[in-house]
Structures are given as structure tokens and as C-alpha cells.
Amino acid sequence: MIFVGPRSVLTVSHGTIDPCTEVARRLDTDPDMLCHGPTAVLHAVLDVSVDAYSDAARRVRATLNRLEDEVFSTSRIDHTENIYSLKREVREFRDAVQPLVPVVQGLLSGDPGEKDHQPKIAPYIRDVADHLHRTDTEVRTLDELLDSVLGAQQARVGTWQNDDMRRISAWAAIFAIPTMVAGVYGMNFEHMPELGWTYGYPLAVALMAIAAGALYRAFRRNGWL
């Protein structure tokens, strides 16, 4: 929170991050800004905060780019938890940025009690407002991109599951023929074809091997294995 008086500025911050050190450094390097009075300090605080938002947005963008590369890589790693975690951070980021947008826009409209300073400081506030608008747009875009990446991850997981089911089905079909032949000849009836023939057993085994091999080749050709 920032309280701006005629000759003073009071800031109230919660947490470990305090922009006032960077604000003091910037004002020390640009003493001409101080001629605008307390509104110069207000601008510096806003500028430091918005710059921090912009830097955070760049880091989130870099993390999102890495996630996209990993999602569309050849590895079969489920990144759903990482995407949800980043999406939660982006939502918190958006909740921090959006309330500041109307505040900065309100400063551009001017305060009746600050007419002497408002025209002089307005270009600087407008610059902050432009940076804030770009950051707000970037955060919205990141949120939408995360939805797309999450959808792509879920689609890939579904594809992996379909591939696994096809492999399982293919192997089940390959083993079904030997199981069927062995099951028929395992019923122990007396009058069954080729029971008394010397080459009946090798023929049954060869038939099972040839049928299984033919199925294996067909599934491999069709991409099921």
C-alpha cells in the first residue's frame, strides 16, 4: 500500500520482498525525478513492482517453453502434475497483476488535488501503464497456453494407453491360436484327427508356430507391435 501526501510518501509492505531499496537506488541515479515531488516516489515504486512482474513473466515463459519441449518429446513421462503446478502459479500471478491495472489507469486520469504534479508525471505513469498492460496480456496468454499444453499432455497420455492396449491385444491374439490348438488336443477324446500318426505332434506344433508367426508379422507391419 502507498499513501501519498503533499510532502511525503508512506509505503506498507507485507512479506520479505520490499521494493523500497531498489526505489531509493533508482531515485539516487536520477535526482531530476525528485523535482516532481512525492509522485516521483509513487512512480518509482510502481515502476519497480511492474518490472518485477515483467521479469517473473519471462521466467514463467521460459519454464513453459521447457514444459512444451518435454511434453512433445519422445519420452513417455507424464508432466500433468508439473503443468498443474505452473498453472496454479500463473493464476496467483494473474490475481496479483490484474488489480493493479485499474489503479494505474486511475492515476492517468488525475486527482483533483494533484493537478500540479499530474501533467509532469503523467508520461512516466503512462510508461508504467504500458508495461503493466503488456505483462497482464502476457499472463493471460500464459494461462491459455498452459490450458493447451495440458490438453496436449492428456491427449498424449491417451495415445500411450491406446498403444499399450493395442500391444496387449496383439500379443493376446498371437497366443490365442496356440492356446486354441492345444486346448482342442487336450480334451483327451479317443477319436481325434492325427492322434495315431507319427508326425501328428510335430505338425500341430508347426501349425501353432506358423500361425503365431504370421500374426506377429501382420501386427508388426500394421504398427501394433
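Check the entry above for the structure.
Residues numbered from 1 in each chain as written. Predicted model: local features only at pLDDT ≥ 70, side-chain atom pairs only at ≥ 80, totals over all residues. Heavy atoms only, no water.

Participant: For this particular structure, what's the right way to read helix H3 (residues 80–97)?
Facilitator: Each α-helix turn comprises 3.6 residues. Residues three or four places apart therefore point the same way. Across its 18 residues, H3 extends 25 Å between first and last C-alpha, which sits within 8% of the 26 Å expected from 1.5 Å per residue. The complete set of buried residues in H3 reads Thr80, Ile83, Leu86, Lys87, Val90, Phe93 and Val97. Summarising the axial view, the buried residues of H3 lie within an arc of 135°, below the 170-degree limit, and thus occupy one face. Exposed and oriented more than 90 degrees from the buried face of H3 are Glu81, Arg88, Glu92 and Asp95. (Helix = DSSP H or I, 4+ residues; strand = E, 2+ residues; numbered from the N terminus. Expected span 1.5 Å × (residues − 1). Buried < 20%, exposed > 50% of the residue type's maximum accessible area, 1.4 Å probe, protein only. Arc of directions from axis to C-beta.)

Participant: Just to check I follow, could you spell out the packing of aromatic side chains for this structure?
Facilitator: Aromatic ring pairs are described here by two measures, namely the spacing of the ring centres and the angle between the planes. Tallying each qualifying case throughout the model produces 3 aromatic pairs. Centre to centre, the rings of Tyr53 and Phe93 are 6.0 Å apart; their planes meet at 55°, and the pair counts as tilted. With a gap of 40 residues between them, Tyr53 in helix H2 (residues 38–71) and Phe93 in helix H3 connect regions that are remote in the sequence. Overall, Phe93 belongs to the buried group, its relative accessible area being 11%. Taking the centre distance of 5.8 Å and the plane angle of 45° together, the rings of Trp171 and Tyr216 count as tilted. Placement of Trp171 in helix H5 (residues 118–185) and of Tyr216 in helix H6 (residues 200–221) is noted, with a sequence separation of 45 residues between them. Owing to a relative accessible area of 38%, Trp171 belongs among the partly exposed residues under this scheme. (Phe/Tyr/Trp six-rings, centres within 6.5 Å; stacked < 30°, edge-to-face > 60°.)

Participant: Before we go on, may I ask you to explain the packing of H2 against H3 in this structure?
Facilitator: In the contact formed by H2 and H3, the axes pass within 11 Å of each other and the chain directions differ by 160°. What the angle tells us is that H2 and H3 run roughly antiparallel. In this structure, the crossing between H2 and H3 has a hand that is left-handed. Contacts between H2 and H3 pair Tyr53, Ala56, Ala57, Val60, Thr63, Leu64, Leu67 and Val71 from the former with Asn82, Ile83, Leu86, Val90, Phe93, Ala96 and Val97 from the latter. (Axes fitted to C-alpha atoms, helices over the stretch in contact; angles between N-to-C directions. Parallel < 35°, antiparallel > 145°, perpendicular 65-115°, else oblique. Left-handed = near helix turned anticlockwise from the far one by under 90°. Contact = heavy atoms within 4.5 Å.)

Participant: Help me understand the nonpolar core, please; the structure alone is not making it clear to me.
Facilitator: Nonpolar side chains tend to gather and get buried jointly when the protein is soluble and globular. Grouped together as the largest cluster of nonpolar side chains are 34 residues, with contacts concentrated most on Ile83, Leu86, Val90 and Phe93. Listed by contribution, the elements that provide at least two residues to this core are helix H1 (20–29), H2, H3, helix H4 (100–109) and H5. Considering every element that reaches this core, the biggest residue donor is H2, with 13 residues. Excluding residues that lie within four positions of it along the chain, Leu86 makes contacts with Val60, Thr63, Leu64, Leu67 and Leu146. (Core = buried A, V, L, I, M, F, W, Y, C linked by side-chain atoms within 4.5 Å.)

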